[in-house]
Amino acid sequence: MTTTSKDPALLLEGVRKAFPGAAGPVAAVDGIDLAVYPGEIVAFLGPNGAGKTTTLDMVLGLTVPDAGTISVLGTSPRRAVQAGRVSAVMQTGGLLRDLTVRETMTAIASLHSAKQGIKARHRIDEVMERTDTARIGSRRVSKCSGGEQQRLKFALALLPDPALLILDEPTAGMDVNARREFWDTMRQDADSGRTVLFATHYLEEAESFAQRTVLIGSGKLVADGPTDRIRAMAAGRTVTATLPGDPGAAVERLKAYDGVRQVGLNGNRAAVVTTESDALARALLTEFGASDLEISAPSLESAFVALTTAGSPS
Ligand SMILES: Nc1ncnc2c1ncn2[C@@H]1O[C@H](COP(=O)(O)OP(=O)(O)OP(=O)(O)O)[C@@H](O)[C@H]1O
């Protein structure tokens, strides 16, 4: 099948995947629709267990969806991987500890199919320069730091010059410096027009690298849009206050305020998740006669939970 620049590089429609659990099947991915277009760099952001890895495994043809369809560069995930058009840096997947960095590159290049292999072998030097692995070419993998090993995996993924690159938490376990170095390398590659989808726990990584962020929680898409907009949603604060009179009626009024994402009530105490905490605090004090007001910044994790349970924002 031929593709045009308007065709998505990646298309997921109604994708579902469940795993057996003690109390019956657990939906790891619960009906995901997603289109990623050529040249886009998209962060797949979500807390632990959100379904990121399961989704990426299906995109790479490592597992098959229970329902729904996935098209990668106009073909099936498996075919796209076999043709070297999509490659990945995954969390698991080991390197051979006794080989040097350069030997690893050469060995993997020779594993590509005949046509791909010639192309990959010709790219070794260029890719090693680009990923800053050339200077550690003669180092044994076992002597490389976690960050260096991750850069080597990245270099291996670039060997077939894939149109689509999938990264599953590529900086997991790296310290701040190694993480920054990794993203600097990635950024240099980004100009090449490659489509990139990367899973991360870190909002900062989404912010510094992706124009678009897809937020996932409990196997469902919670939000999808420009990263700065997602940031504003996740950066909401919780304003807690005691309400006089009939708190039930106040809850309905509070929901109508700008920036309010969720309103909870415990007795007379209301907890409001909002992106406009100053304005809401002012209104609570002046218009609602509220008292004992507190404003807290939730962790990213709890912001995700609030967003997930607040329903899908537009
Ligand atoms: N092979 C499996 N068998 C049973 N349950 C699984 C399996 N793989 C994933 N799960 C469950 O599916 C859900 C989604 O897991 P997944 O690894 O996709 O999430 P994630 O967003 O990648 O999380 P993390 O950020 O921790 O890697 C979790 O509840 C997980 O426990």
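Below is a summary of the structure that appears in this document. Keep in mind the model is a prediction, meaning the values are calculated, not measured.

### Here we look at the site of the ligand
Okay, step 1: Near the ligand the following residues occur: F19, V26, A28, G46, N48, G49, A50, G51, K52, T53, T54 and H201.
Okay, step 2: Elements with a minimum of two residues in the shell around the ligand: strand 2 (24–36) and helix 1 (52–59).
Okay, step 3: Of the residues belonging to the shell around the ligand, the class tally is four nonpolar, seven polar and one charged.

### Quick look at the sheet that holds strand 9 (residues 220–226)
Okay, step 1: The six strands are arranged 5-6-7-3-8-9 in an open sheet whose pairing can be described as mixed. Here the strands that pair on one side only, and so sit at the sheet edges, are strand 5 (86–89) and strand 9. Direction aside, neighbouring strands of the sheet carry axes that sit 15° apart on average.
Okay, step 2: Against the sheet, helix 1 engages strand 3 (41–45), strand 6 (164–168), strand 7 (195–200) and strand 8 (212–217), with an angle of about 150° to strand 6.
Okay, step 3: Contacts between helix 5 (residues 146–158) and the sheet are confined to strand 5 and strand 6, with strand 5 contributing the most and set at about 175° to the helix.

### Examining helix 1
Okay, step 1: Burial analysis of helix 1 places eight of its eight residues in the buried class, which makes it a mostly covered element.
Okay, step 2: What helix 1 keeps buried is the set K52, T53, T54, T55, L56, D57, M58 and V59.
Okay, step 3: Looking one or two places after helix 1, you find G61, whose phi comes out positive at around 75°.

### Comments concerning the packing of helix 3 (residues 101–111) against helix 5
Okay, step 1: As a packed pair, helix 3 and helix 5 sit with axes 10 Å apart at the nearest point and diverge in direction by 25°. One way to sum up the angle between helix 3 and helix 5 is to call them roughly parallel. Judged by the sense of rotation from one axis to the other, the crossing of helix 3 with helix 5 is right-handed. Where helix 3 abuts helix 5, its residues V101, T104, M105 and I108 lie against L152, A155 and L156.

### Remarks on the nonpolar core
Okay, step 1: Counting residues in hydrophobic clusters, the biggest one holds 65 residues, and the most contacted among them are F44, L164 and I166.
Okay, step 2: When neighbours within four sequence positions are excluded, L164 is seen to be in contact with A9, L10, V72, L73, R85, V86 and T195.

### A word on the sheet that holds strand 2
Okay, step 1: Overall, antiparallel pairing links the three strands, which are arranged 2-1-4 in an open sheet. Each of the sheet's edge strands pairs with one partner strand only, and the pair in question is strand 2 and strand 4 (67–72). If you compare each strand with its neighbour and ignore which way they point, the axes differ by 30° on average.
Okay, step 2: Bridge count between strand 1 (residues 10–21) and strand 4: five bridges; the pairing is antiparallel. Paired with R16 across the strands is A67, a residue of strand 4.

Reading the values: the criteria
Residues numbered from 1 in each chain as written. Predicted model: local features only at pLDDT ≥ 70, side-chain atom pairs only at ≥ 80, totals over all residues. Near = placed C-beta within 6 Å. Helix = DSSP H or I, 4+ residues; strand = E, 2+ residues; numbered from the N terminus. Nonpolar A, V, L, I, M, F, W, Y, C, P; charged D, E, K, R; others polar. Pairing = 2+ DSSP bridges. Axes fitted to C-alpha atoms, helices over the stretch in contact; angles between N-to-C directions. Contact = placed C-beta atoms within 7 Å. Buried ≥ 20, exposed ≤ 12 C-beta atoms within 10 Å, placed from the backbone. Parallel < 35°, antiparallel > 145°, perpendicular 65-115°, else oblique. Left-handed = near helix turned anticlockwise from the far one by under 90°. Core = buried A, V, L, I, M, F, W, Y, C linked by C-beta atoms within 7 Å.

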